[in-house]
Structures are given as structure tokens and as C-alpha cells.
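Descriptive analysis of the structure
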Amino acid sequence: EAGVTQFPSHSVIEKGQTVTLRCDPISGHDNLYWYRRVMGKEIKFLLHFVKESKQDESGMPNNRFLAERTGGTYSTLKVQPAELEDSGVYFCASSLSGGFSYNEQFFGPGTRLTVL
Amino acid sequence: SQQGEEDPQALSIQEGENATMNCSYKTSINNLQWYRQNSGRGLVHLILIRSNEREKHSGRLRVTLDTSKKSSSLLITASRAADTASYFCATDASAGNNRKLIWGLGTSLAVNP
């Protein structure tokens, strides 16, 4: 069974440009999470989808970030316009639905974004 | 502010030795998890310990949890060169169906052959 995949693996863009990151969760996983790790800092939660609905987007830095999950399958995270401080590694994770019980989050390899 | 803080930030040991990493956190939790990240790869879930558990084992891994001190430790016994990676603790303090994880900075472990 394929794991969580992310595309692209690396992206280098100029400040002010737009970048779209994609995450394909494990098939059948209703929960999809985005996290980000900025160099030298901890991994931070960005948002959580349950199917196509945003369950929690409290970690989104600002309105330059837009996440979508149309149809409840893959998700995209668009940064427009990108700023230098957006550089980092963006991780996606997915898990089964489980109500109030814990379900392991499976992580993708991440997308390394560099904004010049 | 971050929830988890690991120490040490970097650890270098010889193959066969044990490696101990610690994690402290700030709020009440449902569970605490340890992850490993090899260079350029994704985060791999290692072990989860629930708030009502004190110790858990998985192969060469041993995790302890002290909720009174809000701390956890990860012990890797008989380390191997392949254990070289970054190790992160993450806490689940969520309510309801939102299981977002709060992470520490990580410990970079180097196991020298």
C-alpha cells in the first residue's frame, strides 16, 4: 500500500511568487494534516482536514496560505505571495477516522520550500 | 511557545552504546509520541505512550512518562549506525476529533560505527 506522498520534494522560488504544494494521503484516510518546520524551530501544526472540511486551521500563519481538499482526497497548500519566512519543510500526514480515539498519523517525506 | 523540549539537542555515541533522549512538555496531554526522521525522509512513528501509562517497550526502544514532571524519556539500547537520525517527541493534548500534535525541537543522534 502506498504511503503519504508529497509533491514536489523541493521547490525554490522568488519572493512574491506563488507555490502550490500537494499531498496525497493514504487511501481511505479521512484525516489530513499539514505541518511545517522552519529551520532551527520546532515542527508546527498548520491545519487539519476531515474529509473535505477544515476541522482546525488555527495554525495557518496568515491569509497568504490557502489549503484545500476538494473531494476529500488529495490536498493542496498554496502560498501566495511567498515571503522569505515561509521557507521550511512542509509535512503532510494522514490518519484513519476514529472519533475520540487515537489513530496513528502517517507522514509524507515533506516538501522543502526555499524562498529567495 | 513550543510544547515539547528535547534534550540533548545533539548526541553522539558509539555503536552498541545506549542513547537516552528526554522530552519535557507544558500542558496536560492525552498521549506522547516519539518519531524518527532520517535525513531527507518523512517522520516515522516509533512509539506512543498514553497519559495513564508509565513505561512502554518496543524492541530496543523503551519510553517512560512522568506526568507529574511533564517529562518523557526515550532509551535506545544497543544502538546501531542505522539509528542515526533526528528524534522528536510530540504531544497530543487535543480534545474531540482533532488530533493535532505539538512538537519539540528534536534530538539529533549520531551513532558512530
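As a reminder, the structure under discussion sits directly above these lines.
Residues numbered from 1 in each chain as written. Chains lettered and ligands numbered in written order. Predicted model: local features only at pLDDT ≥ 70, side-chain atom pairs only at ≥ 80, totals over all residues. Heavy atoms only, no water.

**Regarding the overall build of chain A**
- Tallying secondary structure elements over chain A gives 0 helices and 11 strands in all.
- When the elements of chain A are put in sequence order from the N terminus, they spell out β-β-β-β-β-β-β-β-β-β-β.
- For a compact globule of 116 residues, the expected C-alpha radius of gyration is about 13 Å, and chain A comes in at 14 Å, within 12% of that figure.
- Expressed along its principal axes, the backbone C-alpha trace of chain A runs to roughly 40 × 30 × 25 Å.
- Counting over 116 residues, chain A shows a buried share of 47%.
- On chain A, roughly 5,700 Å² of surface is accessible, and the fraction owed to carbon and sulfur atoms is 51%. (Helix = DSSP H or I, 4+ residues; strand = E, 2+ residues; numbered from the N terminus. Rg over C-alpha atoms; globule rule 2.2 N^0.38 Å. Buried < 20%, exposed > 50% of the residue type's maximum accessible area, 1.4 Å probe, protein only. Areas by Shrake-Rupley, 256 points an atom, 1.4 Å probe, with all protein chains shown as cover.)

**Focus on the overall build of chain B**
- Scanning chain B from N- to C-terminus turns up 0 helices and 11 strands.
- Of the regular secondary structure in chain B, the N- to C-terminal order runs β-β-β-β-β-β-β-β-β-β-β.
- Its C-alpha atoms give chain B a radius of gyration of 14 Å, within 12% of the compact-globule value 13 Å for 113 residues.
- Once the C-alpha set of chain B is aligned to its principal axes, its extents read approximately 45 × 30 × 20 Å.
- By the burial criterion, 45% of the 113 residues in chain B qualify as buried.
- Taking as baseline every contact in chain B between residues at least 6 positions apart, the subset at least 24 positions apart corresponds to 55%.
- Carbon and sulfur atoms form 45% of the exposed surface of chain B, whose accessible area is close to 5,100 Å².
- Averaging the coordinates of the 13 positive side-chain charges in chain B and doing the same for the 10 negative ones gives two points 7 Å apart. (Contact = heavy atoms within 4.5 Å. Lys, Arg positive; Asp, Glu negative; His and termini not counted. Charge placed at Lys NZ, Arg CZ, Asp CG, Glu CD.)

**Topic: the side chain of Asn31(A)**
All names here are of chain A.
- You can see Asn31 is positioned in strand β4 (residues 31-37).
- Exposure remark for Asn31: the relative accessible area of 3% places this residue in the buried category.
- Reaching out from Asn31, the side chain makes a polar contact with the side chain of His48 at a distance of 2.8 Å.
- Among the polar contacts listed, one links the side chain of Asn31 to the backbone oxygen of Leu96, at a separation of 2.9 Å. (Polar contact = N/O pair within 3.5 Å; in protein donor to acceptor, adjacent residues only side chain to side chain.)

**Quick look at the interface of chain A and chain B**
- At the junction of the two partners, chain A supplies 24 residues and chain B supplies 23 residues.
- When chain A packs against chain B, the two sides together hide about 2,000 Å² of surface, and 53% of this comes from carbon and sulfur.
- Scanning the region where chain A abuts chain B turns up 1 salt bridge.
- Put simply, Lys100(B) and Asp56(A) hold a salt bridge, and the shortest N to O gap is 3.6 Å.
- Run the count over chain A and chain B and you get 3 residue pairs in polar contact (both at pLDDT 80 or more). (Buried area = accessible area lost by both parts, 1.4 Å probe. Salt bridge = Lys/Arg side-chain N within 4 Å of Asp/Glu carboxyl O.)

**Thoughts on the pattern of salt bridges**
- Going through the model one piece at a time under the given rule, you end up with 10 salt bridges over all chains.
- Arg36(A) serves as the salt-bridge partner of Asp86(A), at 4.0 Å between the closest nitrogen and oxygen. Placement of the pair is Asp86(A) in the loop between β8 (75-79) and β9 (88-95) and Arg36(A) in strand β4, with a sequence separation of 50 residues. Comparing Asp86(A) with Arg36(A), the two get one shared label, buried.
- The salt bridge involving Glu55(B) is made with Arg62(B); its shortest N-O contact spans 3.1 Å.
- On the basis of relative accessibility, which here comes to 30%, the residue Arg62(B) falls in the partly exposed class.

**Some details on the state of the cysteines**
All names here are of chain A.
- The final tally for this structure, using the stated rule, is 2 disulfides over all chains.
- Paired by a disulfide, Cys23 and Cys92 hold their sulfur atoms 1.8 Å apart. Here the disulfide of Cys23 and Cys92 is left-handed, its torsion about the S-S bond being about -65°. With Cys23 in strand β3 (residues 19-24) and Cys92 in strand β9, the pair connects residues that are 69 residues apart, well separated along the chain. Grouping residues by exposure puts Cys23 and Cys92 together as buried. (Disulfide = S-S within 2.5 Å.)

**Let's talk about unusual backbone geometry**
- Look at the link from Phe7(A) to Pro8(A): it is a cis peptide, with omega at -5°.
- Considering the arrangement of structural elements, one finds Pro8(A) in the loop between β1 (5-7) and β2 (10-13).
- The omega angle of the peptide bond from Gln80(A) to Pro81(A) is -10°, so this bond is cis rather than trans.
- For Pro81(A), the position within the fold is in the loop between β8 and β9.
- Phi is positive for Lys70(B), which is not a glycine, with a value near 50°.
- Examined against the element boundaries, Lys70(B) turns out to sit in the loop between β7 (61-66) and β8 (71-76).
- Overall, the relative accessible area of 28% leaves Lys70(B) in the partly exposed class.

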